[in-house]
Amino acid sequence: MDSVQIIEFSYMLVIDMMFLVALVLLMLPLGIWRQAAYAVMKRNFIGYFSNPTGYVFLCLFVLLTSFAAFWPHEFFTTNLANFDQLNKFLPYIMLIFIPAITMGIWAEERRQGTDELLLTLPAKDFDIVIGKYFAAVLVFTVSLLFSQISNYGVLLAMTGGRLDNLLLFSTYLGYWFMGIAMISLGMVASFLTYNLTVGFIIGAVLNAPLAFFSNADVIFSNSTWIQRLFEWSLLQRFEPFGRGLINLSSIFYFLGIVVIGIYLSLILIGRRHWLGGRDGTSLFWHYIMRAAFVAVAAIATVLIVQYSPLNLLRTDISDSKISTLAPTTRELLDELAAEEDGQTITIEAYVGNSVPSEYVKVKYDLVNLLREFDVLGGNRLEVNLHQGIEPFSEEAILAEKKYGIRPVKIRSQSRGAVREQDLILGVAFSSGLERIVLPFLAYGMPVEYELMRSIDTVSKSDRKTIGVIQTDSLANGAVIPTQERNVQVPRLRILSELEKQYKVEAVDISQPMTAEELWIKDDEGNPIRRRYDVMISMQPSHSTPDELNNLINMIQLGQPVAIFEDPLPNRQLFPHMQSTFLPRQFRRNGAGKADIQNLWSALELEMDFSRRNIPNVSSQQLPDNRWPYLVWQLASENPYPRNPVMNQKERLVVHERDPGTDPRFSGVHSATQFIDELYFQFAGYIKPAPKMSLNFEPMVKTGSAGRVLLYDLAPAMQQLIAGNIPEQMDIELDQKRGSAARQYTIAAHICGNASETGTPKDLSAVKPSKDRTNVVYVADVDTLSDFYIQLRDDPIQNGVEYRFQNMSFVLNIIDSLADEETLLSLRNRRVEHVTLEKVTQVYEKAMNRVYELDQELAKDYETKLNQARMEVEMKTKPLQNDIQRELKKREDGKPYDAVKLKAQQGLLEQEVREQSEKFQNKQQQLENERRDKKRRIDLEAELEIQQIQRQFKLAAVIIPPIPPLLVGLIVFTRRRLREREGISKARRLK
């Protein structure tokens, strides 16, 4: 163990010692005021551990808990350093272990006849019962400590020294409460019989219902009964402890069982008093009624705590605060709970039974949050959590029919093979007529934000409105007629994301809009709110001159606008979108093209560009020969070196990992709060004019970067003008780009100094003015593309997890301009779970090797394919040369052999067919070889990962039983030596 692991292990031991001290202080009154009970407890506790049989059961318990914790396949699949797998199996393990502890509590006394001796002691029945109960509790506590220390050590080795100690302690504290409850019922069984075996069986039977209530769906089909029984199961009441929560409701549940079990034991040990006389049997029903009333009182107490404000007394003690809601979430839930006349918000969540490893954290967070919402949401929130759903079950069919939540196929790799798995992970929110459905919670979606945004939206009777200005960007989708066919441009997915929170409308600004048209009025003609809280303008340079002038007019009338203007849109993301200065591709509202310089002048921005002529390019293709600059960055600024596409220098990764003296993001603006990484593709930059009267607040800056003129990326320019962007834009040498020692502003907030804020009193007095400007300008339009939503949903590509927050950045911009900043703090909030770092390192190492070998395979494939292509060319080249010579003679009017030419052309066609067939066969052979090698590489990587898993599994079952076994051997050896002390040497030799 290294120093970090020693510190962590010591920390856990300190926590355990504090718990033991608290337990001793709890039992201290027993030794002071109930000495008889203390004597009984001491006698039974020492007697249990003086017998080798006790250590056999202890080793068995530790072994079973280790098996349950680390051997299920789901443990390594989830990759979480917790005891979630053990949580599922522990109630059933305790059905074996707890009766083994309690079966001899009283049955052994009666079998040996020592019960009469105990009953003649100057002690009350309560002293005997409570003494034996606490002895069993101490035995169980010691067993748990052995299990915890052993399992903790295995986890510590898997994580390399980092663990959530308090989460693991909370989990074992829950096990302890579960155990003391089961002990009280097991003790009742021991008071019912003389036989140890019968005591064991009855103890298991009494505890079995509470353990198996969590599987009520196996027996019952009525969902109401299933939910009720599930709520009273041991596993359900333990569940908060497994999430790091110390919950008063769960504690009262377990203590209620303890009270019932101890009271029943008192009744049974006192049978000699109420069954011994002539009319003693008349007290039988009396005690039955007393026991029933105690049970009813205990259950009522649990229900009172559960459905009263006392249930809110819960604290998350985990280091990672995995069950702690964000302050914003708590505030919103408190506001909902305080609205007594508000409509109930119903949440229907559907979670599949089998979850791939990538989605375990999503499921974990979803279930945690919904359980907290159910408790903290009061009467306004009704949470129905449907777990363990099979893809073709009745509940799955109902979810699809009612909410459109259907199984989604997830591709995962295992044992070198790619497998598809159906996963259900959707949530529906409804309140009155309002409904929002999240059909599937993708891997990268921030769960708490998605849930709270939906809850906040359905709770409101009216939503704010976003206007999407129509430009040639076609954000709302369109059909573009071409010479060959009509091309369908799909609607941007970012608009669907906005519709989860806002109303989204298309806005035609071909006609000017006055201040009266930009505001909604009441019946008396007074303005009450903006018609469009925010407008979005994509690539305004590709609109008509009138549209751009109308946009400028609206901005100066006070309309908040988010502008995305890109010097070079990525044509792979937006095939229909042109660069800033290139002509429009099609006519939408006229043939004219706006002069973007007018917008820059209105915003008081200074743009760098250069005028260059390109040979063989007409003035119609490039009217004014203006070329903007792109920003490029050093390779050291890119934290993702494995992706060859992202190694292109014009693809910028702006991250705040080491800001130093040049922070990348504004620490003041709300849109960049909680943003620490963005990805821009072929982005431009902006800067304020020298004598700027408007306020220019940089929001996003590059790191150490340089710039390159778009013109200088020739010979790619011909393709660019023709409407094609080459896959590799990084063509020129770095020397041509100059130094990379500057920071460039990619996004900024530009606003005026208007003294009048809020709703104007007189719209007729509102005149266009720069002082009313409220614009966020982003020099990159690609960040609105579907690519970023897809990357957010599925951030793991080729073994690399990308953490770009472009979509969150866009939503933040809209929220800040719409003055809707409630959810900003939630949008990028993620719970940091402790993972199996050692296993992850092996996985990453194997994936890196797979990536490198894949690259070698691709190069080898291309080399061999080129060789095969060259062989084809060499075979046909002589015939082609002969044909060219004959054709040259014919063109020059010289004599040529027409028969020979025709024969050669026929031979060439035949040779081309034969060589093409050979080439295709060779290509297929190379592809098959490459595929087989790739599969072997993946399989070897998977086997390497499984090998390290097997090693940890083996250690998990070999190491844990060793400590209790050693203690048992020491105790047994010492006992044997003490027995031999009083025996003479001569007798021992016999």
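Rules of the game
- Residues numbered from 1 in each chain as written.
- Predicted model: local features only at pLDDT ≥ 70, side-chain atom pairs only at ≥ 80, totals over all residues.
- Heavy atoms only, no water.
- Helix = DSSP H or I, 4+ residues; strand = E, 2+ residues; numbered from the N terminus.
- Buried < 20%, exposed > 50% of the residue type's maximum accessible area, 1.4 Å probe, protein only.
- Contact = heavy atoms within 4.5 Å.
- Areas by Shrake-Rupley, 256 points an atom, 1.4 Å probe, with all protein chains shown as cover.
- Phe/Tyr/Trp six-rings, centres within 6.5 Å; stacked < 30°, edge-to-face > 60°.
- Lys NZ or Arg CZ within 6 Å of the ring centre and 35° of its normal.
- Core = buried A, V, L, I, M, F, W, Y, C linked by side-chain atoms within 4.5 Å.
- Pairing = 2+ DSSP bridges.
- Axes fitted to C-alpha atoms, helices over the stretch in contact; angles between N-to-C directions.
- Left-handed = near helix turned anticlockwise from the far one by under 90°.
- Nonpolar A, V, L, I, M, F, W, Y, C, P; charged D, E, K, R; others polar.
- Salt bridge = Lys/Arg side-chain N within 4 Å of Asp/Glu carboxyl O.
- Parallel < 35°, antiparallel > 145°, perpendicular 65-115°, else oblique.

Trainee: An account of the overall build of the protein chain is needed here, citing residue identities and associated values.
Mentor: A count of helical and extended segments in the protein chain gives 30 helices and 28 strands. In the protein chain, which comprises 990 residues, the share counted as buried stands at 51%. Taking as baseline every contact in the protein chain between residues at least 6 positions apart, the subset at least 24 positions apart corresponds to 78%. Working note: accessible area of the protein chain is about 47,500 Å², and carbon and sulfur atoms make up 55% of it.

Trainee: Before we move on, can you summarise the packing of aromatic side chains with the specific residues and values?
Mentor: All told, the structure shown has 33 aromatic pairs when counted by the stated rule. Each ring, one from tyrosine 175 and one from phenylalanine 238, has its centre 5.2 Å from the other, and the planes form 20°; the classification is stacked. Of the two residues, tyrosine 175 sits in helix H9 (residues 165-191) while phenylalanine 238 sits in helix H12 (residues 234-242), which places them 63 residues apart along the sequence. Exposure class is identical for tyrosine 175 and phenylalanine 238. Each is buried. By way of ring pairs, the aromatic residues Phe19, Phe169, Trp176, Phe177, Trp232, Phe241, Tyr253 and Phe254 are connected into one cluster. Residue placement shows arginine 930 over the ring face of tyrosine 861; its charged tip is 5.0 Å from the ring centre.

Trainee: Could you give an account of the nonpolar core, with specific residues and numbers?
Mentor: Core analysis: the biggest nonpolar cluster contains 100 residues, and Phe373 and Ile813 have the highest contact counts within it. Excluding anything up to four places from it in sequence, isoleucine 813 contacts Ala562, Phe564, Ala671, Met699, Val776 and Val778. The next biggest cluster of nonpolar side chains, apart from the first, holds 91 residues, and it includes Ile15, Phe134, Leu173 and Leu235.

Trainee: Break down the sheet that holds strand E15 (residues 534-538) for me, citing the residues and quoting the values.
Mentor: Here we have 7 strands laid out as an open sheet, ordered E12-E9-E15-E16-E26-E25-E23, and mixed in their pairing. Pairing within the sheet leaves two strands with one partner each, and these edge strands are strand E12 (503-507) and strand E23 (695-701). Averaged over neighbouring strand pairs, the angle between their axes works out to 20° when direction is ignored. Relative to strand E16 (residues 561-564), E15 is paired through 4 bridges, and the arrangement is parallel.

Trainee: Tell me about the sheet that holds strand E7 (residues 425-431), residues and numbers included.
Mentor: Spatial ordering of the open sheet is given by E4-E3-E7-E8, a layout of 4 strands whose pairing is mixed. Unpaired on one side and paired on the other, strand E4 (381-389) and strand E8 (434-438) mark the two borders of the sheet. Put simply, the sheet's adjacent strands are angled 10° from each other on average, direction ignored. Strand direction decides the pairing type here: strand E3 (residues 345-352) and E7, joined by 6 bridges, are antiparallel. In the sheet register, threonine 346 faces E7, and the bridge partner there is serine 430. Taken strand by strand, helix H19 (residues 447-458) contacts E3, E4, E7 and E8, and its axis lies near 165° from that of E8.

Trainee: Provide a residue-level description of the packing of helix H8 (residues 125-159) against H9, including the pertinent values.
Mentor: Viewed as axis vectors pointing N to C, H8 and H9 meet at an angle of 145°, and their least axial separation amounts to 9 Å. Seen from above, H8 lies across H9 with right-handed handedness. Of the residues assigned to the contact of H8 with H9, the class counts are 17 nonpolar, 7 polar and 1 charged.

Trainee: For the pattern of salt bridges, give the residues involved together with the corresponding values.
Mentor: Under the definition given, this model contains 31 salt bridges. A salt bridge links lysine 687 to aspartate 608; its shortest N-O distance comes to 3.1 Å. Of this pair, lysine 687 sits in strand E22 (residues 687-688) while aspartate 608 sits in the loop between strand E17 (605-606) and strand E18 (609-611), placing them 79 residues apart in sequence. Where aspartate 608 meets arginine 707, a salt bridge forms, and the shortest distance between an N and an O atom there is 3.0 Å. In this pair, aspartate 608 is assigned in the loop between E17 and E18 and arginine 707 in strand E24 (residues 705-709), connecting sequence segments 99 residues apart. For arginine 707, a relative accessible area of 27% puts it in the partly exposed group. Here the salt bridges do not stand alone but share partners, grouping Glu450, Arg453, Arg493, Glu497, Lys500, Arg792 and Asp793 into one network.

Trainee: Let's hear about the pairing of E16: which residues, and what values?
Mentor: Side chains Val561 and Ile563 project from E16 onto one buried face, and the interleaved Ala562 and Phe564 project onto a second face that is buried too. As judged from the 4 bridges shared by E16 and strand E26 (residues 774-778), these two strands associate in the parallel manner. Directly across from valine 561, in E26, lies its bridge partner valine 775.

Trainee: Outline the environment of glutamine 920, supporting the account with residue identities and numerical values.
Mentor: Inspection of the secondary structure assignment puts glutamine 920 in helix H28 (residues 898-958). In the structure, glutamine 920 is positioned 51 residues away from arginine 869 in sequence and 9.9 Å away in space, judged by C-alpha atoms.

Trainee: Explain the environment of aspartate 854 residue by residue, including any values.
Mentor: Mapped onto the elements, aspartate 854 comes out in helix H27 (residues 837-892). Setting aside residues no more than four positions away along its own chain, aspartate 854 makes contact with Lys934 and Ile937.

Trainee: Give a description of the packing of helix H13 (residues 248-269) against helix H15 (residues 284-306) that names residues and reports values.
Mentor: One can describe the packing of H13 onto H15 by two numbers: an axis separation of 9 Å at closest approach and a directional angle of 175°. Accordingly, the angle class assigned to the pair H13 and H15 is roughly antiparallel. Packed against H13, whose contacting residues are Leu248, Ser249, Phe252, Tyr253, Gly256, Val259, Ile260, Tyr263, Leu264 and Ile267, the element H15 presents Tyr287, Arg290, Ala291, Val294, Ala295, Ala298, Thr301, Val302, Val305 and Gln306 at the interface. Considering only residue class, the contact of H13 with H15 consists of 15 nonpolar, 4 polar and 1 charged.

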